[in-house]
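# Coordinates in review
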Amino acid sequence: MPKGIVIHVVGCLLLLGGIVLMVRTGYVAVSLGVERPMPETSVTAPAAMEFWRQLAFIRMFAVAAIGFSAICFWAGSQLTPAQQTSFLILLVGVFTVMATMAFRQQTAIWNGQSGWAIVGVLSALLLTCLGAVVYEGITSRHLAST
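So, here is what we can say about the structure in this document. Residue numbers here run from 1 along each chain, matching the order of that chain's written sequence. Given that this is a predicted model, residues contribute local features only at a pLDDT of at least 70 and side-chain atom pairs are listed and counted only at 80 or more, while totals for whole chains, interfaces and linings are drawn from all residues. Each side-chain value is derived from all of the structure's non-hydrogen atoms; neither hydrogens nor water enter the calculation.

Here a strand is any run of E in DSSP of at least two residues, a helix any run of H or I of at least four, and the numbering for each starts at the N terminus. The number of helices and strands found in the protein chain is five helices and zero strands. Traced from its N-terminal end to its C-terminal end, the protein chain shows the element sequence α-α-α-α-α. Only C-alpha atoms enter the radius of gyration, while the globule expectation follows 2.2 Å times N to the 0.38, with N the number of residues. Relative to its length of 146 residues, the protein chain is extended, with a C-alpha radius of gyration of 19 Å against a globular reference of 15 Å. Counting across all 146 residues of the protein chain, residues that qualify as buried make up 32%. Residue pairs in contact within the protein chain that sit at least 24 positions apart in sequence constitute 72% of those at least 6 positions apart. Computed by Shrake-Rupley with a 1.4 Å probe, the accessible areas treat only the displayed protein chains as cover when residues are assessed. Entry remark: accessible area of the protein chain is about 8,900 Å², with carbon and sulfur atoms responsible for 71%. The centroid of the 7 positive side-chain charges in the protein chain is displaced by 10 Å from the centroid of its 4 negative side-chain charges. Burial classification: accessible surface area is computed with a 1.4 Å probe over protein chains only, and a residue below 20% of its type maximum counts as buried, one above 50% as exposed, and the rest as partly exposed. Contacts: residue pairs with any heavy atoms within 4.5 Å of one another. The positive count covers Lys and Arg only, the negative count covers Asp and Glu only, and His and the chain ends enter neither. One atom stands in for each charge, and that atom is NZ of Lys, CZ of Arg, CG of Asp or CD of Glu.

Here it is, written out as structure tokens:
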């Protein structure tokens, strides 16, 4: 699969993930273990404020994922093949750190299905980018030897 297409697929997954997080923010927060404020609690009560801070953080993460998808769409169509390889290597590093952090959060704090979904998506993005880099390395060596 050409590198540009891989970068666009990664962009699509980031966009989809960001939209899901944006639309389902409350569900994701609660499934990750954030306590819901009690209905009788004032919106400005400390418990309610903590809930809304968590939702705000998830929404900021969602917007960052959507913005990162825009970068991927641009990179997939504007960068040269050598630059695309470099970009994919960068993505491998970024998704390695993100997947590792999500895994650590899942095992230490979240312990829920949404946490495993986040770990799975980040790991899939990591493996997609890593696969493209490895494939590029194998095919470029094969072409150089012929």
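Back to the text.
Glancing now at the packing of helix α1 (residues 3-23) against helix α5 (residues 113-145). All axes here are fitted lines through C-alpha atoms, helices being fitted over the stretch that makes contact, and every angle between N-to-C directions spans 0 to 180 degrees. Taken N-terminus to C-terminus, the directions of α1 and α5 make an angle of 175°; their axes are 10 Å apart at the nearest point. Regarding the angle of α1 to α5, the classification is roughly antiparallel. On α5, the residues touching Lys3, Val6, Val10, Leu13 and Leu14 of α1 are Leu125, Thr128, Cys129, Ala132 and Glu136. Residues of the contact of α1 with α5, tallied by class, amount to seven nonpolar, one polar and two charged. Oblique is the label for any angle not under 35 degrees, not over 145, and not in the 65 to 115 range, which are roughly parallel, roughly antiparallel and roughly perpendicular in turn. We call Asp, Glu, Lys and Arg charged. Ala, Val, Leu, Ile, Met, Phe, Trp, Tyr, Cys and Pro are nonpolar, and the rest, Gly among them, are polar.

When two rings of Phe, Tyr or Trp (its six-membered ring) have centres within 6.5 Å they constitute a pair, described as stacked for plane angles under 30 degrees, edge-to-face for angles over 60, and tilted for the intermediate range. Under the criterion given, the structure shown has three aromatic pairs. Relative to Trp116, the ring of Phe103 has its centre 5.9 Å away and its plane inclined at 55°; by these criteria the two rings are tilted. Pair noted here: Phe103 is in helix α4 (residues 81-110) and Trp116 is in helix α5, with a separation of 13 residues, a long-range link. Any Lys NZ or Arg CZ found within 6 Å of a ring centre and within 35 degrees of that ring's normal is scored as a charge over the ring. In this structure, Arg24 packs its charged tip against the face of Tyr27, placed 4.7 Å from the ring centre.

Here a salt bridge means any side-chain nitrogen of Lys or Arg lying within 4 Å of a carboxyl oxygen belonging to Asp or Glu. Under the criterion given, the structure shown has one salt bridge. Two residues, Lys3 and Glu136, come together in a salt bridge whose shortest N-O distance is 3.6 Å. Remark: Glu136 occurs in helix α5 and Lys3 occurs in helix α1; sequence separation between them is 133 residues. Using a relative accessible area of 11% as the deciding quantity, one classes Lys3 as buried.

A word on the nonpolar core. Ranked by size, the top nonpolar core spans 30 residues in total, and within it Val10, Cys72, Phe87, Leu88, Leu91, Phe95 and Cys129 carry the most contacts. Counting residues per element, the ones that place at least two in this core are α1, α2 (25-31), α3 (46-78), α4 and α5. Non-local contacts of Cys72, meaning those with residues more than four positions away in its chain, are made with Ile7, His8, Val10, Gly11, Leu14, Phe87 and Leu91. For our purposes a nonpolar core is just a set of buried Ala, Val, Leu, Ile, Met, Phe, Trp, Tyr and Cys residues, chained together by side-chain atoms within 4.5 Å.

Further remarks concern the packing of α1 against α4. One way to put it is that α1 packs onto α4 with a least axis distance of 9 Å and a crossing angle of 35°. At the point where α1 passes α4, the crossing takes the left-handed sense. Of α4, the residues touching α1 (which contributes Lys3, Gly4, Val6, Ile7, Val10 and Leu14) are Pro81, Ala82, Gln84, Thr85, Phe87, Leu88, Leu91 and Phe95. Here the residues of the contact of α1 with α4 are counted per class, giving 10 nonpolar, three polar and one charged. It is the rotation of the near helix from the far one that decides the hand of a crossing: anticlockwise by less than a right angle makes it left-handed, clockwise makes it right-handed.

By this rule, a helix spans an expected 1.5 Å times one less than how many residues it contains. Here α3 contains 33 residues, and its C-alpha end-to-end distance of 48 Å stays within 8% of the 48 Å for a straight helix at 1.5 Å per residue. Listed in full, the buried residues belonging to α3 are Ala48, Phe51, Leu55, Ile58, Ala62, Ala65, Ser69, Cys72, Ala75 and Gly76. In the core, the buried residues of α3 are packed alongside α1, α2 and α4.

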